[in-house]
Amino acid sequence: MKWVTWERVGVDRMACAWLITKYLDPAAEFLFVPTGYKPLPVDAEPFDIPGVRLSHHRGHCTFYTILREYDLHDPVLQHIARVIDEADTVQEVSLEPAAAGLDLICRGLCLVSPDDQAALERGRLIYDALYAQLASELIQEEQGKG
Amino acid sequence: MEQPQAVSWVLLVYKIPREPTASRAQVWRKLKRLGALLLHDAVWVLPATPWTREQFQWLGVEIGELGGEAHLWEARLLLNGQNAELVQQFQARVDVAYQEILEDLLQEEPDLVALSRKYQQVRAQDYFHSELGRQVLKRLLQARGGFAS
């Protein structure tokens, strides 16, 4: 199916696109509209746009909302959601040192990409890598407990 | 040194129910954390960048969810000199914080962990790249040891 968001993607939208393609819709097609553009295309699910279902809620990022809306309970994804919460918007409490770096890298990725589509494509590798590393740390942590 | 000038500013005007006070405080603390300036107890201001626009946008959404209402504007100052004055206000505030760090660094056995954390928080609000910030960074690097750069 089609998914739509505002153009000039950042850390949260790159992560969402990765999540959508990997866990919800392998054939996802992403459309981009200018910031604030209306009406949104009717045949596409909007995300990370203020006021839509898949958006920021209660101070949490859109990635977090998608996990909740689609009942994704993988603890590694939950961890990534915490990192993106801190990377994407100002939080009172900072607990994830990776957040600032991730934000910077995603912003830089847009600078070196010809368009949003390319930025999303390239961003996948970053989130695959983040997932793999956090998953391996979780396994170690659990082994340590046992 | 020539001062960097913001060409435009993002303004956030909001109201939020008095109760629960926790919600009010939460929004207030986020604005402080962003380093926004409160003008005349009415308007919160940040220099306009894609990043600050987005921060205010999502904060506006959060205020709405907390039962409040927020308006977000982008504006230029029309009166001569006021732009520079506003830049100056932003700079003065981070400079006070940087100065405190510099003074603490001169103490015997300064708490480098706490000071480096404070430095990172101040730097996140240093929208106009204060010269003092560069000095703090230099001192912190020196305090860390290794090769002087």
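What you see is a predicted model; the values in this text were computed from it and never measured. Every chain is numbered independently, its residues counted from 1 as its sequence is written. Chains and ligands are labelled sequentially in the order written, the chains with letters from A and the ligands with numbers from 1. Local features in this predicted model are restricted to residues whose pLDDT is 70 or higher, and side-chain atom pairs enter the listing and the counts only when it is 80 or higher, whereas totals over whole chains, interfaces and linings include all residues.

Caption draft 1: Geometry of the sheet that holds strand β2 (residues 37-39) of chain B. Residue and element names in this part refer to chain B. At least two bridges found by DSSP between two strands is the condition for calling them paired. Only runs of H or I of at least four residues qualify as helices and only runs of E of at least two qualify as strands under DSSP, and these elements are numbered from the N terminus. Here 4 strands make up an open sheet; going across it, the order is β2-β3-β1-β4 and the pairing antiparallel. Looking at which strands have only one partner, the edges of the open sheet turn out to be β2 and β4 (69-75). The mean inter-strand angle of the sheet, taken between neighbouring strand axes irrespective of direction, is 30 degrees. All axes are obtained by fitting lines to C-alpha atoms, using only the stretch in contact for helices, and the reported angles, taken between N-to-C directions, cover 0 to 180 degrees.

Caption draft 2: Broad picture of the confidence of the model for chain B. All names here are of chain B. Residue-level confidence of the predictor is what pLDDT reports, using numbers from 0 through 100. Summing up the model confidence of chain B, the mean pLDDT is 92 and the portion of residues at 70 or higher is 94%. Looking at the elements of chain B, mean pLDDT is at its lowest for helix α1 (residues 21-34), recorded as 93, and at its highest for strand β3 (residues 43-47), recorded as 98. With pTM at 0.90, the complex prediction returns an ipTM value of 0.89.

Caption draft 3: Molecular detail of the sheet that holds strand β3 (residues 44-46) of chain A. Residues and elements named next belong to chain A. What the 3 strands build is an open sheet, ordered β2-β1-β3; its pairing is parallel. Because the sheet does not close on itself, it has two edges, and the strands there are β2 (29-33) and β3. The sheet shows a mean angle of 35 degrees between the axes of neighbouring strands, taken without regard to direction.

Caption draft 4: Up close: the pairing of β3 of chain B. Residue and element names in this part refer to chain B. With respect to burial, β3 is a largely interior element, 4 of its 5 residues being buried. Pairing between strand β1 (residues 9-15) and β3: 4 bridges, direction antiparallel. Residue Leu11 lies in a different strand from β3, and its bridge partner there is Val45. Here β2 hands over to β3 after 3 residues, with His40 in that stretch at a positive phi of 50 degrees. Exposure classification rests on a simple neighbour count of other C-beta atoms within 10 Å of a residue's own: a residue reaching 20 or more is buried, one at 12 or fewer is exposed, and one in between is partly exposed. C-beta atoms are placed from the backbone.

Caption draft 5: Layout of the interface of chain B and chain A. Residue pairs qualify as contacts under a 7 Å threshold applied to their C-beta atoms, which are placed from the backbone. Tallying the contact residues gives 11 residues for chain B and 9 residues for chain A. Examining the composition of the side of chain B that touches chain A, we find that 7 residues originate from one element, helix α2 (residues 50-65) of chain B, more than from any other. Only Asp, Glu, Lys and Arg are considered charged in this grouping, and only Ala, Val, Leu, Ile, Met, Phe, Trp, Tyr, Cys and Pro are considered nonpolar; every other residue, Gly among them, is considered polar. The residue inventory of the side of chain B that touches chain A, partitioned by class, reads 4 nonpolar, 2 polar and 5 charged.

Caption draft 6: Representation of the packing of helix α3 (residues 82-106) of chain B against helix α5 (residues 131-144) of chain B in the model. Residue and element names in this part refer to chain B. Running from N to C, α3 and α5 cross one another at 25 degrees; their axes reach a closest spacing of 9 Å. Taken together, the axes of α3 and α5 are roughly parallel relative to one another. Between α3 and α5 lies a crossing whose hand is left-handed. Facing Val94, Asp95, Tyr98, Gln99, Ile101, Leu102 and Leu105 of α3, the residues of α5 in contact are Leu132, Gly133, Gln135, Val136, Arg139 and Ala143. Each angle is binned into one of four classes, with values under 35 degrees roughly parallel, values over 145 roughly antiparallel, values of 65 to 115 roughly perpendicular, and all other values oblique. The hand of a helix crossing depends on one turn: near helix anticlockwise from the far one by less than a right angle means left-handed, and clockwise means right-handed.

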